[in-house]
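Residue-level listing of the chains:
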Amino acid sequence: MPTATIMPADPTSPVATKKAAGVPEKKYKCQFCNRAFSRSEHRSRHERSHTKERPFKCFKCRSTFVRRDLLLRHDRTVHAKDGGVPLQSDFKRRSSNKDSSSVEPPKMMPGVEQAGIDTMDGSSTDGLFGAEEAAMLMTNFQQKAAMSSQAAQTEPVLADVAPRTIDDPSDYSPPTMTLPQMQWDNLLPQTAPQPSASSNDDPFHHDQNGVGAGPVPLPAIDQTLNSVDLTMPGFPTSSLMSGLATPGALSPFPSMMGPVSPVDYRRSPGPPQMCKTSKAPQVESEEQMLRITENIKKCDGEGTIFDSFRLPEVTVLNRYLQTYFSLFHHHLPFLHPASFDASRVSAALLLSVLSIGALYTFEQDQAYMLHIGSKLLVNQFLVNKQNFSSRKSPLWAMQATLLNMIFASWSGDPKGLEWACSVKSLVANMVAGNGYELKLRSEARAGAQPSHAEWIEDEGCRRTYYAVYIFFGLLTLTYNHTPAISFNEFEPLDLPSSESLWNLEVGDDDAWSEALATSSIITFKQAHHALFQGEVARYSAFATRVMINALFLETWYHKRSPEALQDVVTEYKLRLALETWDKSLELCEPETVVVQLSAPHKGHPLIFNAKAMYRNTTARLLVDLKSVQEALRYHDSYEVAGTMTLARDKIKRSAEMLKVIEACFDCIEVAAVQGIRWVARTSATNWSIEHPLCGLDLLVILSHWLWRVEHDDEPATPDEQNMYNKIRNLFDDDSVDAYNGKLSSTVARLWGSMIDEVVVWGITKLMGESFKIHAKALSGYEDALVAQSQAQQAPMAPQHTLAVAAY
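Conventions adopted
Residues numbered from 1 in each chain as written. Predicted model: local features only at pLDDT ≥ 70, side-chain atom pairs only at ≥ 80, totals over all residues. Heavy atoms only, no water. Helix = DSSP H or I, 4+ residues; strand = E, 2+ residues; numbered from the N terminus. Buried < 20%, exposed > 50% of the residue type's maximum accessible area, 1.4 Å probe, protein only. Contact = heavy atoms within 4.5 Å. Areas by Shrake-Rupley, 256 points an atom, 1.4 Å probe, with all protein chains shown as cover. Lys, Arg positive; Asp, Glu negative; His and termini not counted. Salt bridge = Lys/Arg side-chain N within 4 Å of Asp/Glu carboxyl O. Polar contact = N/O pair within 3.5 Å; in protein donor to acceptor, adjacent residues only side chain to side chain. pLDDT = per-residue confidence, 0-100. Expected span 1.5 Å × (residues − 1). Arc of directions from axis to C-beta.

Concerning the overall build of the protein
Move 1: Scanning the protein from terminus to terminus reveals 30 helices and six strands.
Move 2: When burial is assessed residue by residue, the protein has 54% of its 807 residues classed as buried.
Move 3: Contacts in the protein between residues at least 24 apart in sequence constitute 76% of all its contacts with a sequence separation of at least 6.
Move 4: Accessible surface, the protein as shown: approximately 36400 Å² in total, 53% of it carbon and sulfur.

Below you can see the structure in the form of structure tokens.
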């Protein structure tokens, strides 16, 4: 650690030592320990860890905080519903020597106060808006539209698209569901210091993207294009106007996005210029909007929703379609974008798609309205359908119900989960009945190759069945629900094709026949057999996700078997199949469709998701946190945290456990390599829900293993010490010092803070809060052990003194 510079006694003499150029001098030493800092405010913040001082007090409640940014976040998240103006960050103003009268002022953007512009301008260093300040302005357009107290001062930026309330006769209503409240009615959010060599804002060392703290990174593009003065200096107009035509353009500020990995071109069958971006379906005319309205009216035969239902405007509806197909679709691609016509598809399916698209723009009121509308339309169809049969159920009914189940299951509300579970058997019957009809259609061709239109219909069915299978697997993983579909249902089915073939545009049948013939598509049974024989097979990214779901469910069944402890043969076969699956990733069929998502991986996001499932499956072969999963069903963060803490006895220290900890390390390293601040702000929209769901078990296991290494009487083995140091090196000193130097509490707290900072699905908010409570429990249990040890040693002191005197 560099020491402070010592000045000579004579002030006129030269300095005895000089700091290296570009390296900040750490001359501010902590009065309680040997730490030194280059800035006095960093020292003051550090010293509060010794003094336990909490100088920042909330005037709306009795909470106190060590840092001001924590107070600001508390005010935004806890008191946002109280009304009034939220607290503001302390921005630094810089003085300007330029004559402002000689420069034409930029046009004022509607909805932004002059004070906010001046504040941001004062914090800039080059006269232009940085990525963080610009994104704050973009977010403010949406915030101004939602604010009631300040709305009268400025003209509204957005058109009035808020629908009237639906009289909902369904099982649950929007007010009772608890998707985490993204507080769009706040004023400009706070900024944080830019990352530097001495900054401790990011607890990870490996922020390779150079992105510090920033606001929610998904401004509504269509919305802001109508309100932003694109001539304003400092705005990257080319990125805005290009929309989503380039990777990373989901935010108009690409510097806020992480590394984009649409395709591993080295493994693609064609040159990069042949790889294209799939275009999201859009509504392009008022005629299409009228047709959509007529479709809703036609499906709503009972008139339940139409009188109180109001479709969003065209621009808003297109934004929802854009976000669905750009953000959600790639993680579960069972719809066919090229043939998806919003004016012709079933109204129930369209509303379910729009509801998830609205979630990804954080417009929750609209999302709930669309979700409930879709549920009611599907319910009317099922109730009024004469002689309903699962064999004759239209595909759109299954697809719409699946999306509605996804919406409700991850909403963060137990009532939504209860409804989703109540219709599981219905959807399972639809899969079985439709699968039988698909088999009959295939056999009727007598081996002849289908036309492109026939193949699209059949492939859409297969993809929908597998999407239901994957979703049911996630319900089992998260809530310990018994699977509703056995993998035997899929044995004769072909696995999903590659995304390139699924999105292929062909001009004639000959070109289509050639493309289909060159693709490698095998059946589910063939792939399953190859895995358990230790033989690698070649299949698509979607098929990769299907097969790891099958292996997870077989692992789940094995651990629930009464003979699991004695059945070493089955466990050996499962481990062999998992190793074979991992090796098969190298042979995965390459993709030529660009996916505009930022993620720390190469290839399709489905492979990234499958790896998360793979890590969870390998961990469950040794540790099964059944109690935690069952507590999650009821969505009480304190109950979930309690079961997390009580799971300590299930985590033992052994050579086998070290392999599980390696998988846990791989999970948290993803965030470490990217930078915790970047992941916290972008993973909600760029990654799938599977990562926080699969990471739940892994982080509980990791926190308890770290706690045992730190507190067990048995010293750590060399391998355990190496793994502990490997994990410790991911964090900076301040992050660990905040929990008395204990890595177990640090890991639990930072994971919880990361997954609930920006939220699309409410279940992540629940898990984030549970991890924070769990971190406090780990720290509190340690304090109790120390107090107990001191109490036991206190009465021993007099006896020890007498013994020494007698000797």
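Focus on the side chain of R633
Move 1: Within the element layout of this structure, R633 appears in the loop between α21 (626-632) and α22 (637-646).
Move 2: Among buried charged residues, R633 stands out as having no salt bridge; its nearest opposite-charge side chain is E630, 4.3 Å away.
Move 3: Among the polar contacts made by the side chain of R633, one reaches the main-chain carbonyl oxygen of Y479 at a distance of 2.7 Å.
Move 4: Only 3.0 Å separates the side chain of R633 from the backbone oxygen of N480, close enough to count as a polar contact.
Move 5: For R633, the contacting residues outside a window of four places in its chain are P414, L417, Y479, N480 and H481.

A word on the confidence of the model for the protein
Atomic detail in the predicted coordinates should be set aside for any region of low pLDDT.
Move 1: Averaged over the protein, the pLDDT score is 73; the fraction of residues at 70 or greater is 66%.
Move 2: Per-residue pLDDT stays below 50 along residues 1-22; that stretch engages in 21 contacts with residues further than four places along the chain or on separate chains.
Move 3: Note on residues 88-277: pLDDT is under 50 here. Beyond four places in sequence and across chains, it has 375 contacts.

Quick word on helix α17 (residues 524-532)
Move 1: For α17, the complete set of buried residues consists of F524, A527, H528, A530, L531 and F532.
Move 2: Buried residues along α17 sit against α14 (452-479), α18 (541-560) and α19 (568-584).
Move 3: The first or second residue beyond α17 is G534, which carries a positive phi of 75°.

A closer look at α19
Move 1: In this model α19 runs 24 Å from its N-terminal to its C-terminal C-alpha over 17 residues, within 8% of the 24 Å that 1.5 Å per residue would give.
Move 2: For α19, the full list of buried residues reads L574, A577, L578, T580, W581 and S584. Each buried residue of α19 sits inside an arc of 165° when the element is viewed along its axis, so together they form one side. In α19, the exposed positions angled more than 90 degrees off the buried face are occupied by V568, Y572 and K583.
Move 3: For α19, the elements touching its buried residues are α17, α18 and α20 (605-620).

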